[in-house]
Amino acid sequence: MSAKIVARAAEKRFQTRQGWMTALHDFDLEVAEGEFLCLVGPSGCGKSTFLRILAGLDHATGGEVRITPGPDPKQPLANVVFQEYAVFPWKTVLANVAFGLEMRGLSRAAREATARRWVDKVALTRFVDYYPAQLSGGMKQRVSIARALANDPQVLLMDEPLGALDAQTRAVLQEELLQLWEESRKTVLYVTHSIDEAVFLGDRVVVMTAHPGTLKTVIEVDLPRPRDLGVMATPAFAALTGAVWEALRDEVRRAMAEQA
Amino acid sequence: MSVRRPERPARPQAEEAAGPRAKAGVAAWAIPLGVIALTLAAGFGLELWQGGWWALLAIVFVCVVLLAQELEPRLPLRYRGAYQRVLALGFPLALLLVWEWLAGSGVLNARWFPPPSQIAVALWELTVSYDRFNRSSLLGRPWLLPSMFAESGWAGVQALVRESHVWATLSRVLGGFVIGAVPGVLVGMVMGLNRTVRMMLDTTMSAIYVLPKIAIFPILMLVFPNPFGEGPKIAVVAISAFFLVAISTMAGVQGIDKVYLEAGRNFGANRAQMFRHVILPGALPIVFSGLRLALGTALIVIVAVEFVRADRGVGFMIFYYWQVLVTPRMYAALAVVMALGVALTALLQYVERRAMPWRRGSDGHG
Ligand SMILES: Nc1ncnc2c1ncn2[C@@H]1O[C@H](COP(=O)(O)OP(=O)(O)OP(=O)(O)O)[C@@H](O)[C@H]1O
Ligand SMILES: [Mg+2]
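All values derive from a computational prediction rather than experimental measurement.

(A) Expanded view of the overall build of chain A. If you tally the helices and strands in chain A, you get eight helices and nine strands. Against the 2.2 N^0.38 benchmark of 18 Å for 260 residues, chain A shows a C-alpha radius of gyration of 19 Å, consistent with a compact globule. Dimensions of chain A along its principal axes, counting C-alpha atoms only, are 50 × 45 × 40 Å. The proportion of buried residues among the 260 residues of chain A is 53%. In chain A, once contacts between residues fewer than 6 apart in sequence are set aside, the share between residues at least 24 apart is 72%. Of the roughly 11400 Å² of accessible surface on chain A, 52% is carried by carbon and sulfur atoms.

Written as structure tokens, this is what we have:
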């Protein structure tokens with residue numbers, strides 16, 4: 001199978017007042033078409049940086065980072081599910097979800113029909129004309145997910161999308177997210193701090209080293225799909241999270257020692 | 001914009017309140033009432049009003065506040081709205097009544113502080129009468145419009161409009177405001193979006209911003225061919241509005257959360273779309289607070305200008321009736337300025353609500 005996302009010896013350096021700072025160093029990664037890949041690593045190791053490069057919001061300073069374009073040139077390459085506070089407060093739920101389609105010049109009728117479908121899928125039908133200020137955090141996060149999915153990108157990028165939510169809302173949205181993904185089987189790159197979440201969602205979990213970030217280990221998650229939250233109670237799940245934590249522990253220690 | 005205070009904690013259950021708290025409850029009522037009675041008795045009985053009326057009023061005010069605070073949590077929820085309106089409107093009404101009474105009883109000098117009833121009468125007289133000496137009227141005598149139009153057509157209508165003080169001030173404020181605010185928004189947007197332009201203009205703008213704009217009025221009178229015409233007056237309002245609006249628009253554009261810009265970019269917005277869908281709405285709340293400030297300033301500036309150099313306008317009225325010592329009319333003109341301010345602010349708030357429907361119902365922050 002061809003790799004959808006390829007990073008080879010990727011490097012990102014930032015110019016700061018103290019001089020050059022290497023955020024990402026010699027980073028190699030391949031993500032297969034249709035794979036759900038989770039990225040974990042200590043704080044400050046360059047996860048967001050890598051994701052921003054993929055999203056076209058930043059550039060690598062060395063090596064190669066690319067997304068292999070699909071057959072349809074009109075299908076957008078990669079869209080980000082931003083955290084809930086990134087939905088536009090000045091647009092209604094419907095207009096937020098239709099945003100990408102509007103930017104691509106679709107007619108009002110066409111984009112609203114698609115957006116409505118996605119609003120239904122994330123269970124916000126009743127709130128379609130509401131403004132974000134009138135929604136809860138979990139509902140706003142659903143809007144953000146629908147906004148990216150409605151645009152039908154080839155790759156979905158998520159940077160701790162559920163990080164700001166309470167544990168219960170988070171669990172519910174994890175399951176909903178998996179259901180939505182099962183329908184389309186898009187390539188997903190998912191950054192998270194939660195080991196449980198990474199193992200529950202991902203086909204593979206990539207652990208990064210502390211700053212400067214490189215690839216440390218890759219853990220294959222062979223849990224059967226479709227999954228529901230029940231899988232978290234199985235011994236296989238515990239073994240996997242244990243393995244991820246094993247790989248992560250020293251890096252987190254190193255990162256904390258460095259920052260202290 | 002009203003600030004919502006946190007709700008007081010709910011009263012404890014009735015059983016609990018039966019003991020010492022009940023006594024405290026009675027005291028909370030009885031003490032302020034007693035103090036008010038004592039104060040009034042002292043005021044009338046011992047003739048203390050003359051020297052210490054302001055101290056006695058302050059005591060009564062504090063007691064009324066204490067009583068109202070005792071009363072509020074006991075009111076059923078559905079009366080709370082009415083209660084708030086009673087407080088908001090009752091206070092100014094009480095103020096007017098006290099003023100009326102102080103002026104009437106000679107405690108206040110009625111020559112400088114004429115009672116509100118006299119001011120109301122003066123306002124009515126100004127409205128219906130025509131000032132032959134200044135050849136002007138307050139509103140332009142709109143009831144004469146049909147006959148003037150029949151007599152001399154549009155020229156007649158124009159003559160009526162020209163004699164109106166309110167119209168003179170209103171046209172200067174609105175004209176100057178629009179002429180200043182529209183380019184102010186545009187320049188502010190450019191300054192917010194373009195770093196180079198911002199670095200070049202920011203210091204200069206901030207320096208001019210702190211200059212009281214009325215200070216440049218003499219220059220403007222030199223610049224315009226007719227120094228006593230409308231030109232310099234409208235220009236000084238426009239300049240005041242321009243700098244305020246430009247600087248707050250710039251701040252509004254710069255204050256837009258980066259995450260919205262990135263979302264726009266990630267979903268493929270081009271420059272025009274970015275402006276229309278992200279930057280404009282994102283900056284709008286701060287732009288409007290700049291417009292509100294600019295409107296208030298416009299009113300201040302125009303009244304000051306009309307003090308100095310005008311034969312029409314509410315500022316002129318205030319100054320003129322001060323010079324001829326007809327204080328009730330002077331206060332009436334002040335009331336007109338207040339009414340103008342309230343009306344213009346309400347108009348701007350209406351536009352603001354229409355322009356930013358997403359802020360309706362939410363608390364107005366963010
Ligand atoms: N614009 C920037 N300028 C300078 N340094 C930056 C910039 N953006 C990120 N960095 C630095 O790059 C490193 C990686 O940052 P990044 O945000 O990618 O970390 P992260 O893995 O996402 O961390 P977290 O888990 O806390 O979100 C950090 O040390 C950070 O300080
Ligand atoms: Mg991050």
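(B) Looking closely at the overall build of chain B. When helices and strands are tallied, chain B shows 14 helices and zero strands. In sequence order, the secondary structure elements of chain B are arranged as α-α-α-α-α-α-α-α-α-α-α-α-α-α. Computed over the C-alpha atoms, the radius of gyration of chain B is 27 Å, more than 25% above the 21 Å expected from 2.2 N^0.38 for a compact globule of 366 residues. In terms of principal-axis extent, the alpha carbons of chain B reach across some 70 × 65 × 45 Å. Considering chain B as a whole, with its 366 residues, one finds that 38% of them fall into the buried category. In chain B, the proportion of contacts linking residues at least 24 apart, taken out of those at least 6 apart, comes to 67%. Accessible surface computed for chain B: about 21500 Å², of which carbon and sulfur atoms make up 69%. Side-chain charges of chain B comprise 32 positive and 19 negative groups, with the mean position of each set lying 6 Å from the other.

(C) Region of the structure containing the sheet that holds strand E4 (residues 62-67) of chain A. Residues and elements named next belong to chain A. Taken together, the three strands give an open sheet; going across it, the order is E2-E1-E4, and neighbouring strands pair in antiparallel fashion. Both outer strands of the open sheet, strand E2 (19-32) and E4, are each paired with one neighbouring strand and no more. Strand after strand, the sheet turns through a mean of 25° between neighbouring axes, direction not considered. Pairing geometry for strand E1 (residues 3-16) and E2, over ten bridges, is antiparallel. Across the sheet, residue Val 6 finds its bridge partner in E2, namely Glu 30. Against the sheet, helix H1 (residues 47-54) engages E1, E2 and E4, with an angle of about 115° to E1.

(D) Seen up close, the pattern of salt bridges. Counted under the stated rule, the structure contains 23 salt bridges over all chains. Residues Glu 176 of chain A and Arg 142 of chain A are paired through a salt bridge, measuring 3.0 Å at the closest nitrogen-oxygen approach. A residue pair is termed long-range when its members are at least 10 positions apart, and Glu 176 of chain A in helix H6 (residues 167-184) and Arg 142 of chain A in helix H5 (residues 137-150) qualify at 34 residues. Since its relative accessible area comes to 23%, Glu 176 of chain A is described here as partly exposed. Under the relative-accessibility criterion, Arg 142 of chain A is labelled buried at 15%. Glu 70 of chain B is paired through a salt bridge with Arg 74 of chain B; the nearest N and O atoms lie 2.9 Å apart. Given the relative accessible area of 14%, Glu 70 of chain B is considered buried. Beyond isolated ion pairs, a larger network of salt bridges with shared partners links Arg 8, Glu 30, Glu 64 and Arg 66 of chain A.

(E) Quick look at the interface of chain A and chain B. Each side of the interface is counted separately: chain A has 24 residues, and chain B has 18 residues. When the buried surface of chain A facing chain B is broken down by residue, Leu 57, Trp 90 and Met 103 of chain A rank first, second and third, together holding 34% of it. At the surface where chain A touches chain B, the tally comes to one salt bridge. A salt bridge links Arg 52 of chain A to Glu 262 of chain B; the nearest nitrogen and oxygen atoms lie 2.5 Å apart. In this assembly, chain A and chain B are joined by eleven residue pairs in polar contact (both at pLDDT 80 or more). Those elements that place two or more of their residues in the side of chain A that touches chain B are strand E5 (78-81), helix H3 (99-103) and H5 of chain A. At four residues, the largest contribution of residues to the side of chain A that touches chain B is made by H3 of chain A. Residues that form the side of chain A that touches chain B fall into these classes: 16 nonpolar, four polar and four charged.

(F) Highlighting a nonpolar patch on the surface. All names here are of chain B. A surface patch of nonpolar side chains, amounting to about 540 Å² of accessible area, comprises Phe 61, Val 62, Val 65, Leu 66, Phe 91 and Leu 95. Mapped by element, the contributors of at least two residues to the nonpolar patch are helix H3 (49-71) and helix H4 (80-104). Considering each element in turn, the nonpolar patch owes the most residues, four residues, to H3. Position of Val 62 relative to the elements: it lies in helix H3. Val 62 gets classed as partly exposed once you look at its relative accessible area, which sits at 46%.

(G) Geometry of the site of ligand 1. Residues and elements named next belong to chain A. Neighbouring ligand 1 are 13 residues, the closest being Ser 43, Gly 44, Lys 47, Ser 48 and Thr 49. A distance of 2.8 Å separates an oxygen atom of ligand 1 from a polar atom in the backbone of Gly 44. Within the side chain of Lys 47, an N or O atom sits 2.7 Å from an oxygen atom of ligand 1. Out of a free accessible area of 640 Å², ligand 1 has 63% covered by protein chains. For the shell around ligand 1, the elements supplying multiple residues, two or more each, are E1, E2 and H1. When residues in the shell around ligand 1 are grouped by element, the largest group, three residues, is from H1. When the residues that make up the shell around ligand 1 are grouped by side-chain class, the tally is four nonpolar, seven polar and two charged.

(H) Region of the structure containing helix H12 (residues 271-308) of chain B. All names here are of chain B. End to end, H12 covers just 48 Å across 38 residues, shorter than the expected 56 Å (1.5 Å per residue, more than 12% under). Along H12, the largest kink reaches about 50° and is centred on Leu 284; proline Pro 285 follows within four residues of it. For H12, the capping residue at the N-terminal end is Asn 270, with a side-chain oxygen 3.2 Å from the backbone nitrogen of Ala 272.

(I) Layout of the side chain of Thr 39 of chain B. For Thr 39 of chain B, the position within the fold is in helix H2 (residues 20-45). In this structure, Thr 39 of chain B is in contact with Leu 56, Ile 59 and Val 60 of chain B, ignoring residues within four places of it in sequence.

(J) Region of the structure containing the packing of aromatic side chains. What the rule picks out here adds up to 18 aromatic pairs over all chains. Among the aromatic residues, ring-to-ring pairing joins Phe 88, Trp 90 and Phe 99 of chain A together with Tyr 260, Phe 267 and Trp 358 of chain B into one connected group. Directly above the ring of Trp 118 of chain A sits Lys 121 of chain A, whose terminal nitrogen or CZ lies 4.5 Å from the centroid. Stacked on the ring of Tyr 79 of chain B, the Lys or Arg Arg 78 of chain B has its end atom at 4.8 Å from the ring centre.

Parameters and conventions
Residues numbered from 1 in each chain as written. Chains lettered and ligands numbered in written order. Predicted model: local features only at pLDDT ≥ 70, side-chain atom pairs only at ≥ 80, totals over all residues. Heavy atoms only, no water. Helix = DSSP H or I, 4+ residues; strand = E, 2+ residues; numbered from the N terminus. Rg over C-alpha atoms; globule rule 2.2 N^0.38 Å. Buried < 20%, exposed > 50% of the residue type's maximum accessible area, 1.4 Å probe, protein only. Contact = heavy atoms within 4.5 Å. Areas by Shrake-Rupley, 256 points an atom, 1.4 Å probe, with all protein chains shown as cover. Lys, Arg positive; Asp, Glu negative; His and termini not counted. Charge placed at Lys NZ, Arg CZ, Asp CG, Glu CD. Pairing = 2+ DSSP bridges. Axes fitted to C-alpha atoms, helices over the stretch in contact; angles between N-to-C directions. Salt bridge = Lys/Arg side-chain N within 4 Å of Asp/Glu carboxyl O. Buried area = accessible area lost by both parts, 1.4 Å probe. Polar contact = N/O pair within 3.5 Å; in protein donor to acceptor, adjacent residues only side chain to side chain. Nonpolar A, V, L, I, M, F, W, Y, C, P; charged D, E, K, R; others polar. Patch = residues over 30% accessible without salt bridge, like charges linked within 9 Å, V, L, I, M, F, W, Y side chains within 5 Å. Near = heavy atom within 4 Å. Expected span 1.5 Å × (residues − 1). Bend = angle between axes of the 7 residues up to and from the residue. Phe/Tyr/Trp six-rings, centres within 6.5 Å; stacked < 30°, edge-to-face > 60°. Lys NZ or Arg CZ within 6 Å of the ring centre and 35° of its normal.

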